[in-house]
Amino acid sequence: MLFGEERNLIFTFSPKKIFKKNLLTPGILLGVLFSQPISESIPVHTYSIVALDAETGELGVAVQSHWFSVGSLVPWAKAGVGAVATQSFVKVDYGPDGLKLMEGGMSAESALNKLVMEDEGEAVRQVAMIDVKGNVATHTGSKCIYAAGHQIGNNYSVQANLMENETVWPVMAKAFENTEGDLADKMMASLYAAEGEGGDIRGKQSAAMLIVTGEPTGVPWKDVVMDIRVDDHAEPLKELKRLIRVHRAYQHANKGDHYLEMEEIEKALVEYEKASEFYPENPELPYWSAVTLASKGNLDQALPIFREVFQKEPRLRILTPRLVNSGLLPNDPALIEAIIQIGSK
């Protein structure tokens, strides 16, 4: 463990600052402490989970840390390949390199062992990998800051360092195993359990969740089911949970748009309704349900929705006539007038 001034230097370093007292830059100081250049070590102490949903084939990583933008460093995943969480004094290379090795045919254990053996700073690393077959491997280096440890379970691993106490990762595992729902629900429960047990001894700052599909297309952007980052927030887990809800709303809205394009109106309406249920704060989602109804001649059903929407967001009234040129509403002046006049008096 590190105490006093040395510990503070590690957590508050700026690469441009020189400590006049000892004439050491933080990079040199870290090199003295861990025999690693600063370019390979970013101090992202945190708790995380990597997991596979055996039913859907989805792979995911979820993480929280008292460090800015943890989602840009810790979580890595590729559909049909595996997922990686690289933390503690992060060597980001474990993410892309681990995925490359697993894609080349190595198991999670073989890939992690290879990278750890090649890493002179392995003592300060904490890394977890899971492959598409559910094989799991985790490394917690001997110099990771207390409390640090991990627990491997069926199709998942939880890991944490710089925690308030040693009970954090066991409760993460228990929460994941005992939570019903999809992969996002289960990983979110694991993060909340960690925080409830004390979490990061420094507090909270950022969180992220990355999930890739179990039906890979080979097109990276299509294979990402969820990629949500909370870079800086007083309550990152609450914000992450809220954004997951919003994300699900827009997944349904996007499906609604697809069905509307295919002229499968009933299916489109079902998806728009689900979107509104997930995100009732946003009047735009029921707006598109009303547009769909009106476009198919169901004006009586559409008008009450338009009325409520326009009360919450008047600019959508202005938008409505513009939809005619795009074919989303018919070129029927009487229809458009009925819509934009609803609730105007």
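Residues numbered from 1 in each chain as written. Predicted model: local features only at pLDDT ≥ 70, side-chain atom pairs only at ≥ 80, totals over all residues. Heavy atoms only, no water.

For Leu-210, the location among the structural elements is in strand E10 (residues 206–212). Each C-alpha atom, one on Leu-210 and one on Trp-76, is 7.5 Å from the other, the two residues being 134 residues apart in sequence. Each residue touching Leu-210, except ones within four places of it in the same chain, is listed here: Leu-59, Gly-60, Val-61, Pro-75, Trp-76, Ala-77, Met-187, Val-224, Met-226 and Asp-227. (Helix = DSSP H or I, 4+ residues; strand = E, 2+ residues; numbered from the N terminus. Contact = heavy atoms within 4.5 Å.)

In terms of residue burial, strand E5 (residues 82–90) counts as a mostly covered element, since nine of its nine residues are buried. As judged from the three bridges shared by strand E1 (residues 42–44) and E5, these two strands associate in the antiparallel manner. Within E5, the position partnered with Ile-42 by the bridge is Val-90. Relative to E5, strand E4 (residues 75–78) runs antiparallel, the two being bridged by four bridges. Paired with Pro-75 across the two strands is Ala-85, which belongs to E5. Here E4 hands over to E5 after three residues, with Gly-80 in that stretch at a positive phi of 75°. When E5 meets strand E6 (residues 125–131), the two strands line up antiparallel, connected through seven bridges. Pairing of Ala-83 across the sheet is with Ile-130, part of E6. (Buried < 20%, exposed > 50% of the residue type's maximum accessible area, 1.4 Å probe, protein only. Pairing = 2+ DSSP bridges.)

Because each turn of an α-helix spans 3.6 residues, side chains separated by three or four positions in sequence point in the same direction. Taken as a whole, helix H13 (residues 333–341) has its buried residues at Leu-335, Ile-336, Ile-339 and Ile-340. Looking down the long axis of H13, one finds its buried residues gathered within 120° of arc, a one-sided arrangement. Exposed side chains of H13 directed beyond 90 degrees from the buried face belong to Pro-333 and Ala-334. Each element contacted by the buried residues of H13 is listed here: helix H10 (284–295), helix H11 (299–312) and helix H12 (315–319). Phi turns positive, to about 70°, at Gly-343, one or two residues after H13. (Arc of directions from axis to C-beta.)

It is worth spelling out the packing of aromatic side chains at this point. If you walk through the whole model with that rule in mind, you get six aromatic pairs. Relative to Trp-288, the ring of Tyr-287 has its centre 5.1 Å away and its plane inclined at 70°; by these criteria the two rings are edge-to-face. Each member of the pair, Tyr-287 together with Trp-288, is buried. With a centroid separation of 6.5 Å and an interplanar angle of 50°, the aromatic rings of Tyr-287 and Phe-310 are classed as tilted. (Phe/Tyr/Trp six-rings, centres within 6.5 Å; stacked < 30°, edge-to-face > 60°.)

A few words on the side chain of Asp-53. Mapped onto the elements of the fold, Asp-53 is located in the loop between strand E2 (46–52) and strand E3 (59–65). Of the side chains bearing the opposite charge, Lys-186 lies closest to the buried Asp-53, which forms no salt bridge; the N-O distance is 7.7 Å. In terms of polar contacts, Asp-53 uses its side chain to reach the backbone amide nitrogen of Glu-55, at 2.9 Å. For Asp-53, the contacting residues outside a window of four places in its chain are Glu-58 and Leu-183. (Lys, Arg positive; Asp, Glu negative; His and termini not counted. Salt bridge = Lys/Arg side-chain N within 4 Å of Asp/Glu carboxyl O. Polar contact = N/O pair within 3.5 Å; in protein donor to acceptor, adjacent residues only side chain to side chain.)

Strand order in this open sheet of six strands is E8-E9-E2-E3-E10-E11, and the pairing throughout is antiparallel. Across the chains shown, the open sheet's two edge strands, defined by having one partner strand only, are strand E8 (149–153) and strand E11 (224–230). When strand polarity is set aside, the average angle formed by the axes of neighbouring strands in this sheet is 5°. By the bridge criterion, seven bridges tie E2 to E3 in an arrangement that is antiparallel. Within E3, the position partnered with Tyr-47 by the bridge is Gln-64. Against the sheet, helix H5 (residues 168–178) contacts E2, E8 and strand E9 (156–160), and its axis sits at roughly 150° relative to E9. Contacting E2, E3, E10 and E11, helix H8 (residues 236–261) crosses the sheet at an angle of about 145° to E11. (Axes fitted to C-alpha atoms, helices over the stretch in contact; angles between N-to-C directions.)

In this section: the packing of helix H9 (residues 265–278) against H10. Following both chains from N to C, one finds H9 and H10 inclined at 160°, their axes separated by 8 Å at the closest point. Taken together, the axes of H9 and H10 are roughly antiparallel relative to one another. Judged by the sense of rotation from one axis to the other, the crossing of H9 with H10 is left-handed. On H10, the residues touching Ile-265, Leu-269, Tyr-272, Glu-273, Ala-275 and Ser-276 of H9 are Leu-285, Pro-286, Trp-288, Ser-289, Thr-292 and Leu-293. Residues belonging to the contact of H9 with H10 are distributed by class as follows: eight nonpolar, three polar and one charged. (Parallel < 35°, antiparallel > 145°, perpendicular 65-115°, else oblique. Left-handed = near helix turned anticlockwise from the far one by under 90°. Nonpolar A, V, L, I, M, F, W, Y, C, P; charged D, E, K, R; others polar.)

What follows is about unusual backbone geometry. Backbone torsion omega between Tyr-146 and Ala-147 reads -5°, so that peptide bond is classified as cis. Mapped onto the secondary structure, Ala-147 falls in the loop between strand E7 (136–140) and E8. The backbone phi angle of Ser-69 is positive, close to 55°, even though this residue is not glycine. Structurally, Ser-69 can be placed in the loop between E3 and E4. Judged by relative accessible area, which is 9%, Ser-69 ranks as buried. The backbone of Asn-155 sits at a positive phi, close to 70°, despite the residue not being glycine. Inspection of the secondary structure puts Asn-155 in the loop between E8 and E9. Judged by its relative accessible area of 15%, Asn-155 falls in the buried class.

A separate point is the pattern of salt bridges. In the structure shown here, the tally under the stated rule is 13 salt bridges. A salt bridge links Asp-185 to Arg-248; its shortest N-O distance comes to 3.2 Å. You can see Asp-185 sitting in helix H6 (residues 183–196) and its partner Arg-248 sitting in helix H8, a full 63 residues away along the chain. Residue Arg-245 is joined to Glu-281 by a salt bridge in which the shortest nitrogen-to-oxygen separation is 2.8 Å. Of this pair, Arg-245 sits in helix H8 while Glu-281 sits in the loop between H9 and H10; the two residues are 36 residues apart in sequence, bridging distant segments of the chain. In this structure Glu-281 comes out as partly exposed when scored by relative accessible area, which is 46%. Taken together, the salt bridges that share partners define one network made up of Asp-182, Asp-185 and Arg-248.

On their own, these measurements won't tell you what the molecule is for.
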